[in-house]
Amino acid sequence: MADEKSVETTGLLGWIDRRFPLTSTYKAHLSEYYAPKNFNFWYFFGSLALLVLVLQIVTGIFLVMHYKPDAQYAFQSVEYIMREVPGGWFIRYMHSTGASMFFVVVYLHMTRALIYGSYRKPRELVWIFGVGIFLCLMAEAFFGYLLPWGQMSFWGAQVIVNLFSAIPFIGPELSIWIRGDYVVSDATLNRFFAFHVIAIPLVLLGLVAAHVIALHEVGSNNPDGVDIKAKKDKHGRPLDGIPFHPFYTVHDILGVTGFFIIFMAIIFFAPEMGGYFLEFNNFLPADPLKTPLHIAPVWYFTPFYSMLRATTDDFTWVLAGASVLAAIVMFFKTKGLAKLIVPVVLIVVAVLLRTIDAKFWGVVAMGGSVVLLFFLPWLDYSPVKSIRYRPDWHKVLYGIFFVNFIVLGYLGTQAPTDIFNLMSQIGTLIYLAFFLLMPVWSRLGTFKPVPDRVTFHAH
Amino acid sequence: MERSSRSLTVSRFTHIELNFIYGMTMIKKLLCALALVITCTGANAAGGNFPLERAPDRINDLASLQNGAKLFVNYCLNCHSASAMRYNKLKDIGLTDQQIRESLLFTGEKVGDLMMGTTSVKDGKTWFGAAPPDLSLMARAKSINAGPTGSDYIYTYMRTFYRDTSKITGWDNLAFPSAGMPHVLWERQGPREMTVITTQKTAANTDKPAGWERISTTYDSAGYVSNKVETLANYTGKPKVEHKFKSLDPQRAAAYDRDMADLTGFMTWMSEPIQQKRKQIGVWVLLFLGIFFVIAWRLNASFWKHVK
């Protein structure tokens, strides 16, 4: 007889614990996971993102029971869900509102990470998994948006897939390969359905698990950016830490309720959210022969869509100029082999910027603006994590960055005009400069002293 | 088809109106046939920035919705479909199966059938240049972000037809210029004149200095155009374009406006039949969450008072 593991628990729980790490997992992740006690409003959004993920999966399962991924029936089947499936309208509105609210919550979650330096050592992997989740979410939203087979579904997909044709040499064949046809069609709908309901969710769940495991390995950051594990009591528990359960579970119940008040108010009173959550044009069935006058992606893609549109042929001159300038600076600032390689690469980029079609660089700008986020942990050289102890002008820079992001988002919903295009170009430069110049500006200025312990006022 | 099957028990229609409706159906069929002969190319997109009038809100008025349903089935459904709607969904606006069967089903449909028009896509394309669109969701689809609703669009569209002999159907529309659809309900609205008044700057030439002029273009009730140009002295405003309708039968036109408000109300309801119930449930959901929020807040506080 094999030896049984000796455990503290008895009875049924003991029987389980000898075979499966139930109690130890519960302790490690909930009852004895010590989180800083000074979490503020910004710390609701992680658990809310998890909540919305679960909502999307559950409502999605019910939608798939009635939805037909077939160009002929897709649009009708959505209306069938809205009108004839009992409670179908509620499930569908939860899913459509959930998609937008997912991005609201995730954008706020990312803002929190940005301002409190939650991506800094030792949380680089937490951040990288997180950016991976964000990318998956964008893919998930994009694939899902085709499924109702409305006018915006169709033309949005058409525009985005066409972007791939801008890639030199392989572009045109690549875009046909993605669509499975020469235009967006039934074949495209079927593969997007497969991606939306199986492929991306699997990756997403894996990444979310990795994100949480990585977080619990290194512990949560906090608004002061102080390491709570540096000061422990005689039992080895952080002095400024409290068990996640029950303190943050009751806290999150409050957050979830507040979130649901907003979420349900939208579902029951403004499910279209003025045409931003459900675009009005998408209530018309897809018509490959009728191009809408104005094709705008859903609001959560618009900041990136603005950067795509901003990259015109004129604008590549500006980018090429910036690249040459960077090459000169790097030549004087770097040493050794880098002195040769970095400037040469930058000059080549500058040349390519002017030789390859601007459309391609638009795609690079759009994709690159997200990919750039992966490198954030190695771009920030500030001696403190939290914005609380940065110089005041850093706070102004962050303010400009966030306002700029919102302005880019607004511009992306609007039909292009000359002035809007110029604003998008300036906005794109601000976005890129914020990250690419971060190694320079993040170490400048007078930083405030960081306290030993977190700032906390008892309730 | 028997005449008796057309009698509308739910209706406020008189026999004269019934005859009229019957006649209208015939006229529509003739119009369709006519259109078949003259193959027209309808404009596809609703363009123009014509200011939309706000549609009266009749979404909670059952009699109005029922009148709208009747108009919809009698007029719109011949060429258009509402393929997301079943006839028996009309029970939600207070009709019974029997009423639906007796007054709204003309060609042997069952109450559980979808509201399908009788014009095929192919015929629609041949007759009007574009297939008449499905109307199930039109009141939602025509809404504009942070702008007028699709209901406003429908209400304005239905009330801004004018005769224009230069158009293939003999009609044009202000809200949707070069619309493929003729004014199917024109007899209910009665004859009207439309005048476009354009106030614009004139360039200086050898005869006179730069100034302002007002051009009035009138489309009379038969669709013939006449122009009048006046020179404006001392005009200080901005250039503008105004449209004025003059009804030659104001009573009929007023009744038509009420009918169009009802029809718009019906199409608004049809675009999302659950909308009123959704809002009713929403009030209870938010009340519950409001109370639960207080409980969650106190629960949170009772735990956190131990955190020093």
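On a predicted model such as this, the values are computed, not experimentally measured, just so you know.

Conventions used here
- Residues numbered from 1 in each chain as written.
- Chains lettered and ligands numbered in written order.
- Predicted model: local features only at pLDDT ≥ 70, side-chain atom pairs only at ≥ 80, totals over all residues.
- Pairing = 2+ DSSP bridges.
- Helix = DSSP H or I, 4+ residues; strand = E, 2+ residues; numbered from the N terminus.
- Axes fitted to C-alpha atoms, helices over the stretch in contact; angles between N-to-C directions.
- Parallel < 35°, antiparallel > 145°, perpendicular 65-115°, else oblique.
- Left-handed = near helix turned anticlockwise from the far one by under 90°.
- Nonpolar A, V, L, I, M, F, W, Y, C, P; charged D, E, K, R; others polar.
- Expected span 1.5 Å × (residues − 1).
- Buried ≥ 20, exposed ≤ 12 C-beta atoms within 10 Å, placed from the backbone.
- Contact = placed C-beta atoms within 7 Å.

Student: Can you help me understand the pairing of strand S6 (residues 211–219) of chain B in this one?
Tutor: Every other side chain in a regular strand lies on the same face of the sheet, so the side chains alternate between the two faces. All names here are of chain B. Relative to S6, strand S5 (residues 192–202) runs antiparallel, the two being bridged by nine bridges. Note on S6: the bridge partner recorded for Lys201 is Trp212. One ladder, built from eight bridges, connects S6 with strand S7 (residues 225–232); its direction is antiparallel. Looking at S7, one finds that Trp212 is bridged to Leu232. Hairpin geometry of S6 and S7 is characterised by an intervening segment of five residues between the two adjacent antiparallel strands and by a positive phi of about 95° at Gly223.

Student: Teacher, can you tell me more about the packing of helix H10 (residues 244–269) of chain A against helix H9 (residues 275–304) of chain B here?
Tutor: Helix-helix packing: each pair is described by the crossing angle between the helix axes and the interaxial distance. Two elements in contact, H10(A) and H9(B), have axes separated by 9 Å at closest approach and are oriented at 165°. Looking at the two axes, H10(A) sits roughly antiparallel to H9(B). Crossing hand, H10(A) versus H9(B): left-handed. Counted by class, the contact of H10(A) with H9(B) contains 22 nonpolar, five polar and two charged residues.

Student: Just checking my understanding: could you explain helix H7 (residues 151–163) of chain A for this structure?
Tutor: Spacing of three or four residues puts side chains on the same side of an α-helix, whose turn is 3.6 residues. Residue and element names in this part refer to chain A. The first and last C-alpha atoms of H7 sit 18 Å apart over 13 residues, in line with the 18 Å expected at 1.5 Å per residue. Residues of H7 that are buried: Gln151, Met152, Ser153, Phe154, Trp155, Gly156, Ala157, Ile160 and Val161. Among the structural elements, helix H6 (124–146), helix H8 (171–179) and helix H9 (186–218) are those in contact with the buried residues of H7.

Student: Before we go on, may I ask you to explain the environment of Val52(A) in this structure?
Tutor: All names here are of chain A. Take Val52: it is sitting in helix H3 (residues 45–64). Overall, Val52 belongs to the buried group, with 24 C-beta atoms counted inside 10 Å. For the pair Val52 and Asp313, spaced 261 residues apart in sequence, the C-alpha separation works out to 40 Å. Among residues more than four places away in sequence, those in contact with Val52 are Gly98, Met101, Phe102 and Val105.

Student: What exactly am I supposed to notice about the interface of chain B and chain A here?
Tutor: Interfaces are often described in size by the accessible area the parts lose on coming together. Counting residues at the interface gives 33 residues for chain B, matched by 31 residues for chain A. Here the side of chain B that touches chain A takes 16 residues from H9(B), the largest share from any one element. In terms of residue class, the side of chain B that touches chain A is made up of 21 nonpolar, seven polar and five charged.

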